[in-house]
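Chains, contacts and geometry: an overview
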2 protein chains.
Amino acid sequence: MTSPDAPPPRRRGRPADVDPESVALLALRRFDEHGYEQTTMDDIARLAGIGRRTLFRYFPSKPDLVWGGVEPVVGRMRAVLDAAGDDEPLREVLARAATESLTLTPEAEEATRRRMALMGTHPALVGFGLTAIAANRGILVGFLARRLGADPDALRVQVLADAIGSADFSALLWWARHDDGPPGPVVVAAMDEVLRGV
Amino acid sequence: MTSPDAPPPRRRGRPADVDPESVALLALRRFDEHGYEQTTMDDIARLAGIGRRTLFRYFPSKPDLVWGGVEPVVGRMRAVLDAAGDDEPLREVLARAATESLTLTPEAEEATRRRMALMGTHPALVGFGLTAIAANRGILVGFLARRLGADPDALRVQVLADAIGSADFSALLWWARHDDGPPGPVVVAAMDEVLRGV
């Protein structure tokens, strides 16, 4: 028995292993070279040397290829915020969470840069990722409520979580257009703008 | 000659006047009572006593009925920010822009409350409105760049514009669920959380 969410079992005549991150990176490069609209799922399957059905099991749609790498980042952010002691200053915890969640392999950094550049030019793709954004938001709401000693549903907590989450996303979009280095420092600087106020 | 964007001309046998705001409010009430998915454009046309084609000219899709009332608010925000003198403190200008843009007739306030409540339960609708959100963002970017004496494309300007815009939207979602009064004071308080920092 396999659960419906488990990776597909090996089959005779199919490639033995599918590395979803490699497939996503390959797709993101192709989108850059040939255009997002112009590239089909069939093109991606052919390039990756896998069957069309296999591709669709990992990535049910083209936007999934764009958003695919976001979940691990959100997971690392959660891990840092959950584990933080109450005596570490709030700004330091948030900066560490951004830095650790955005410490990427060269391939993941390239994929993140291409992903954000694509979202910058195709805003509809942002809407597709609202579920991932909502997960990140929930993590920030929980953390801020604990640290500010407030109800998670308090206006202040809700608003600051959205402002910080939005600053992170905004910083990644900016980074993809402007900065050749890793994304962590840019996101930390952006977060600090919000935490410092105007 | 009429421009393609002008309201449709009167026609024999059709209702003389269509008030888009009334139609949108009527639709938002209907969505609340019968469910967003369960309500069809035909239901709305029938309720409004207008033809199906007329309805589609004003509102090309169901999400347009939800987002329809947002543009005037964005327009009023722009007017205040554009007209502000350089000697008025930044926080006061932003608070005044929020207050004036959100000074609503009772009908518009009801529509805004229902609109935000619906977005809270149907996040995909938020994505639909990214164009309106982007317009508001552009206004904030221009204003902040002027006031902070920075390039509109500077990280700080981009990030703060997104954080403030996100705080406004977040506050409206909160207000629709929690507050019986007008939305302005809640949005001003939210904006101030961000401007003050943590």
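Residues numbered from 1 in each chain as written. Chains lettered and ligands numbered in written order. Predicted model: local features only at pLDDT ≥ 70, side-chain atom pairs only at ≥ 80, totals over all residues. Heavy atoms only, no water.

Re the overall build of chain A
- When helices and strands are tallied, chain A shows eleven helices and zero strands.
- Across chain A, helices and strands are ordered from the amino to the carboxyl terminus as α-α-α-α-α-α-α-α-α-α-α.
- For chain A, the C-alpha atoms occupy an extent of roughly 55 × 45 × 25 Å along the three principal directions.
- For chain A, restricting intrachain contacts to residue pairs at least 6 apart in sequence, the fraction spanning at least 24 positions comes to 66%.
- In the form shown here, chain A has an accessible surface area of approximately 9,900 Å², with 54% of it arising from carbon and sulfur atoms.
- Taken as two groups, the 24 positive and 28 negative side-chain charges of chain A have centres that lie 7 Å from each other. (Helix = DSSP H or I, 4+ residues; strand = E, 2+ residues; numbered from the N terminus. Contact = heavy atoms within 4.5 Å. Areas by Shrake-Rupley, 256 points an atom, 1.4 Å probe, with all protein chains shown as cover. Lys, Arg positive; Asp, Glu negative; His and termini not counted. Charge placed at Lys NZ, Arg CZ, Asp CG, Glu CD.)

Structural notes on helix 1 (residues 20-34) of chain B
Residue and element names in this part refer to chain B.
- Here helix 1 contains 15 residues, and its C-alpha end-to-end distance of 21 Å stays within 8% of the 21 Å for a straight helix at 1.5 Å per residue.
- Within helix 1 the residues assigned to the buried category are Val23, Ala24, Leu25, Ala27, Leu28 and Phe31.
- The inward-facing, buried residues of helix 1 contact helix 2 (41-48), helix 3 (52-58), helix 4 (62-67) and helix 7 (106-121).
- Where helix 1 terminates, the next one or two residues include Gly35, which has phi positive at roughly 95°. (Expected span 1.5 Å × (residues − 1). Buried < 20%, exposed > 50% of the residue type's maximum accessible area, 1.4 Å probe, protein only.)

A few points about the packing of aromatic side chains
- Summed over all chains, the structure comprises four aromatic pairs over all chains.
- On the basis of an interplanar angle of 10° and a centroid distance of 6.4 Å, the ring pair of Trp67(A) and Phe169(A) is categorised as stacked. Placement of Trp67(A) in helix 4 (residues 62-67) and of Phe169(A) in helix 10 (residues 155-178) is noted, with a sequence separation of 102 residues between them.
- With 4.9 Å between their ring centres and 80° between their planes, Phe31(B) and Tyr36(B) make a pair best called edge-to-face.
- Note on Phe31(B): relative accessible area 2%, which makes it buried.
- Between Lys62(A) and the ring centre of Tyr36(A), over which it is positioned, the NZ or CZ distance is 4.5 Å. (Phe/Tyr/Trp six-rings, centres within 6.5 Å; stacked < 30°, edge-to-face > 60°. Lys NZ or Arg CZ within 6 Å of the ring centre and 35° of its normal.)

Some details on the environment of Ala24(A)
All names here are of chain A.
- Structurally, the position occupied by Ala24 is in helix 1 (residues 20-34).
- Taking relative accessible area as the criterion, Ala24 reaches 6% and is therefore assigned buried.
- Put simply, Ala24 and Asp64 are 40 residues apart on the chain and 8.7 Å apart in space, counted from C-alpha to C-alpha.
- The contacts of Ala24, once residues within four sequence positions are left out, are Phe59 and Leu65.

Re the interface of chain B and chain A
- Every contact between the two is made by 32 residues of chain B and, on the other side, 32 residues of chain A.
- Summing both partners gives a buried area of about 2,600 Å² for chain B against chain A, and 64% of it is carried by carbon and sulfur.
- For the pair chain B and chain A, the number of links is four salt bridges.
- One can count 14 residue pairs in polar contact (both at pLDDT 80 or more) joining chain B with chain A.
- Taken together, the elements giving at least two residues each to the side of chain B that touches chain A come down to helix 8 (124-128), helix 9 (130-148), helix 10 (155-178) and helix 11 (184-196) of chain B.
- With 14 residues, the top contributor of residues to the side of chain B that touches chain A is helix 10 of chain B.
- Tallied by class, the residues present in the side of chain B that touches chain A amount to 19 nonpolar, six polar and seven charged. (Buried area = accessible area lost by both parts, 1.4 Å probe. Salt bridge = Lys/Arg side-chain N within 4 Å of Asp/Glu carboxyl O. Polar contact = N/O pair within 3.5 Å; in protein donor to acceptor, adjacent residues only side chain to side chain. Nonpolar A, V, L, I, M, F, W, Y, C, P; charged D, E, K, R; others polar.)

Overview of the UniProt feature "domain: HTH tetR-type" (unreviewed entry) in chain A
- With numbering matched to this structure, UniProt assigns "domain: HTH tetR-type" (unreviewed entry) to residues 17-77 of chain A.
- For the annotated span residues 17-77 of chain A, helix accounts for 72% and strand for 0% of the residues, and the straight-line distance between the end C-alpha atoms is 28 Å. (UniProt positions renumbered as here; feature names shortened; annotations may be inferred.)

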